[in-house]
Amino acid sequence: MIRPTFVGAIDQGTTSSRFLIFNQRGEVVALHQLEFQQHYPHPGWHEHDPEELISSVEACVDGAVVEFEKQGHTREQIVAVGITNQRETTVVWDKTTGKALHNAIVWTDTRSQELVRKLKHRIGSSELISRCGLPLSTYPSISKLLWLIENVIEVKEAYEKGTLAFGTVDSWLAYKLNGGAARNIHVTDPSNASRTMLMNLEALDYDSELIDWFRIDPKKVTLPKIVRSSDTEAYGSLASTSLKGTKITGCLGDQSAALVGQKGFTAGLAKNTYGTGCFLLYNVGPKPVISTHGLLTTVAFDFGEGKRMYALEGSIAVAGSSVKFLVDNFGFIESSSKLSALAEEVEDNGGCTFVTAFSGLFAPYWIDDARGTIFGITSYTQRGHIARATLEATCFQTQAILRSMEKDSGKPLTELAVDGGMCNSDLIMQTQSDFIGIPVNRPAMRETTALGAAIAAGLAVGVWNSFEDLDNVNSEGRTIFQPQISEAEASKRFARWEKAVQMSKGWLNDE
Ligand SMILES: Nc1ncnc2c1ncn2[C@@H]1O[C@H](COP(=O)(O)OP(=O)(O)O)[C@@H](O)[C@H]1O
Ligand SMILES: O=P(O)(O)OC[C@H](O)CO
């Protein structure tokens, strides 16, 4: 009897790690998920313990394999593993010892604000985007790496000695899960490398002019080798866990993975993922398109010749994290899933607009000096109004991003595919459809990010041989939310939001 094959996916997100096992139909047969600790040592700082990222992933692999074997399968049926990860988050380690030299600086972290402000004055700063697709801000990995080299003695020493290794979370995971310094697998894929500001978008390799511009000495810091998102050799294999010996054959940044999981393989398709942050990726085809309206250009995926695509991206720094903020900091609700119920206690936002600029505002505004601000509070304001204003903030930013995307691409989107934690709320998805005036299409199987990593890994080893083989994957049971308010009403509400954004500017100007 031929036993079916399965693919594993490590999904290392901002708030939790997961391991999922998919069958060839793209169905989840086993899943294990663990939250890990968030460290906020100062206002605007956000760190993860790199060792905890690894141990949580290892525990998830073991947990899911136990569940898988309880169903009568054997671990040998898992033929490959893919990695997907929170992007930009920066890890530095000593390549001789394999030990991390500092906590990982998370993508949301704004400590490099002053450094970025100075860099913006350096000649050529406005031209960087045409090479790497990203504008200068605290968001890309480079600002975090420069801050670490300038401010952390151990990192500076390793840099001077030439033993410093840099990686985004995918590189760190591949390195450690392969056994660290012993095997020294130090790689990344173009979707992750395109978030550093050091990769040339066309060449899909490090750009010596960018490296020079940032005044990094490439002899003193080892950058991960950039390899395809799907590869049978480069990512090595798991050196520990119950899947010891299983090859890692796929790697994608989480937003690229979600695009792949939604099967956004061709130009013109888009998805929006409502996780900790919210990220809209629009496939623009095999050539990069540089935005002139506040969006980023990123590598969508690189599955080899003819299967390499770019995306325009609208990044929102705060989405699900604003919901978590109401839970953890204010105790408004006991869990995120209760947000909709609280918001439904009232009819509307009661005149409140919440600009959730906890890390400044990302796309399409790029306002570093804004911070979270609630406008319109009166004695009438209830917790339900704040709940509504909170969920609306993500929907308004998506609306702003779509307007920019239309201007950059010249084509209005006709439907938006969605996924991520916040999309579990019908109210949020209905609000989103109302604001953008097009249908919002939600899959029944919402683990699209992990599915994307599994697809990247499975394509490498022949679980699927082409995109066409994936036609029936994740296509059934989708829910469509249709707009229920007029365009005029949507525009009126959006104008209010834009006014609030303008008023939130400059809060940190005097610091
Ligand atoms: N029903 C819900 N309503 C609103 N927000 C939700 C709901 N369920 C989860 N979330 C939010 O989604 C986020 C988690 O989504 P997820 O896609 O797992 O994120 P990540 O990959 O960034 O860790 C959390 O910030 C949580 O607040
Ligand atoms: O953790 P998420 O899903 O919000 O994604 C994080 C992004 O990759 C940051 O760019």
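Residues numbered from 1 in each chain as written. Chains lettered and ligands numbered in written order. Predicted model: local features only at pLDDT ≥ 70, side-chain atom pairs only at ≥ 80, totals over all residues. Heavy atoms only, no water.

**Let's talk about the confidence of the model for the chain**
Low pLDDT means the predicted atomic positions in that stretch should not be read closely. As a reminder, the rule being used: Note on scores: pLDDT gives the predictor's confidence for each residue, bounded by 0 and 100.
Per-residue confidence for the chain averages 95 on the pLDDT scale, and 99% of its residues sit at or above 70. At the level of chain-chain contacts, confidence expressed as ipTM amounts to 0.98, with global pTM at 0.95.

**Considering the packing of aromatic side chains**
Applicable threshold: Only rings of Phe, Tyr and Trp enter the pairing, Trp through its six-membered ring, and a pair is recorded when the two centres are within 6.5 Å. The plane angle decides the type: under 30 degrees is stacked, over 60 is edge-to-face, the rest tilted. Helix and strand labels come from DSSP, where a helix needs a run of H or I of at least four residues and a strand needs a run of E of at least two; each type is numbered from the N terminus. Note on classification: 1.4 Å probe, protein chains only; a residue is buried when its accessible area is under 20% of the maximum for its type, exposed when over 50%, partly exposed between these limits.
Under the definition given, this model contains 22 aromatic pairs. Geometrically, the ring pair formed by Y139 and F362 is tilted, given 4.5 Å between the ring centres and 40° between the ring planes. On the criterion of sequence distance, the pair formed by Y139 in the loop between α3 (128-132) and α4 (141-151) and F362 in the loop between β19 (353-355) and β20 (373-375) is long-range, its members being 223 residues apart. Across the pair, exposure class does not vary: Y139 and F362 are buried alike. Ring centres of F325 and F358 lie 4.9 Å apart, and the angle between their planes is 55°; this geometry places the pair in the tilted category. Taken together, the positions of F325 in helix α10 (residues 320-328) and F358 in the loop between β19 and β20 put the pair 33 residues apart, joining distant regions of the chain. In this structure an aromatic cluster arises from ring pairing among W107, Y139, F279, F362 and W366.

**Digging into the site of ligand 1**
How we decide: Proximity is defined per residue: any heavy atom of the residue falling within 4 Å of a molecule or strand makes that residue near it. As used in this structure description, the phrase polar contact means that two N or O atoms lie within 3.5 Å; if the pair is within protein, one of them must be able to donate a hydrogen and the other to accept it, and residues adjacent in sequence are counted only when both atoms belong to side chains. The Shrake-Rupley method, run with a 1.4 Å probe sphere, supplies the accessible areas, and residue values consider only the shown protein chains as cover. The residue classification treats Ala, Val, Leu, Ile, Met, Phe, Trp, Tyr, Cys and Pro as nonpolar and Asp, Glu, Lys and Arg as charged. All others, Gly included, are polar. These domain limits were set by an automatic method or by a database of domain assignments.
Surveying the vicinity of ligand 1 reveals 18 residues, the closest of which are T15, R18, T276, G320 and S336. Within the backbone of G320, one N or O atom sits 2.9 Å away from an oxygen atom of ligand 1. One nitrogen or oxygen atom from the main chain of G421 is found 3.0 Å from an oxygen atom belonging to ligand 1. Isolated, ligand 1 exposes 580 Å² of accessible area, and the fraction of that covered by the protein chains is 85%. Within the residue set of the shell around ligand 1, elements represented by two or more residues are β2 (16-22) and α10. Take the shell around ligand 1: its biggest share by element is 4 residues, from α10. Of the residues contributing to the shell around ligand 1, the split by class is 3 nonpolar, 13 polar and 2 charged. Two domains share the shell around ligand 1, each providing at least three of its residues, namely domain 1 (6-252) and domain 2 (263-442 + 478-510).

**A word on the site of ligand 2**
Surrounding ligand 2, one finds T14, Q86, R87, E88, W107, Y139, D254, Q255, G275, T276, G277 and F279. Measuring from an oxygen atom of ligand 2, one finds a side-chain N or O atom of R87 at 3.0 Å. Between ligand 2 and T276, the relevant distance is 3.2 Å, taken from an oxygen atom to a main-chain nitrogen or oxygen of the residue. A total of 310 Å² of accessible area belongs to ligand 2 in isolation, and the protein chains cover 94% of it. The residue makeup of the shell around ligand 2 includes at least three contributed by each of domain 1 (6-252) and domain 2 (263-442 + 478-510).

**A look at the pattern of salt bridges**
Condition: By definition, a salt bridge exists where a carboxyl oxygen of Asp or Glu is found within 4 Å of a side-chain nitrogen of Lys or Arg.
Evaluation of the coordinates by the stated rule reveals 24 salt bridges. Between K247 and E233 there is a salt bridge; the shortest N-O distance is 3.0 Å. Of this pair, K247 sits in the loop between β13 (225-226) and β14 (248-253) while E233 is found in the loop between β13 and β14, placing the two residues 14 residues apart along the sequence. Look at K247 and you get partly exposed, because its relative accessible area is 32%. Note on E233: relative accessible area 53%, which makes it exposed. Within this structure, R87, E88, R195, D254 and E313 form a network of salt bridges that share partners.

**Details of the nonpolar core**
Stated precisely, the cut-off is as follows: Here, nonpolar core refers to any group of buried Ala, Val, Leu, Ile, Met, Phe, Trp, Tyr and Cys residues whose side-chain atoms link them within 4.5 Å.
Ranked by internal contacts, the top residues of the largest apolar core, which has 133 residues, are L164, F214, I216, F301 and L416. Looking at this core element by element, the count peaks at 11 residues for helix α12 (residues 383-409). When we break this core down by domain, the ones giving at least three residues each are domain 1 (6-252) and domain 2 (263-442 + 478-510). Formed by 37 residues, the second largest nonpolar core is a distinct cluster that contains F6, V29, A104 and C251.

**Quick word on the UniProt feature "domain: Carbohydrate kinase FGGY N-terminal" (unreviewed entry) in the chain**
For clarity, the cut-off: UniProt positions are given in the numbering used here, feature names are shortened, and annotations may be inferred rather than shown by experiment.
The residues that UniProt annotates with the feature "domain: Carbohydrate kinase FGGY N-terminal" (unreviewed entry) are residues 8-261. For residues 8-261, the helix share is 32%, the strand share is 23%, and the end-to-end C-alpha distance is 14 Å.

**Let's talk about the packing of helix α2 (residues 113-120) against α4**
For the record, the criterion: Each axis is a line fitted through C-alpha atoms, and for a helix only the stretch in contact is used; angles between axes span 0 to 180 degrees, taken between their N-to-C directions. Any angle between 65 and 115 degrees counts as roughly perpendicular, while under 35 counts as roughly parallel, over 145 as roughly antiparallel, and the rest as oblique. We call two residues contacting when some pair of their heavy atoms lies within 4.5 Å.
Relative to each other, α2 and α4 sit at 110°, their axes nearing to 10 Å. Between α2 and α4, the angle falls in the class roughly perpendicular. Counted together, L115, V116 and L119 of α2 and S143, L146, W147 and E150 of α4 form the full contact between these two elements. Across the contact of α2 with α4, the residue classes tally to 5 nonpolar, 1 polar and 1 charged.

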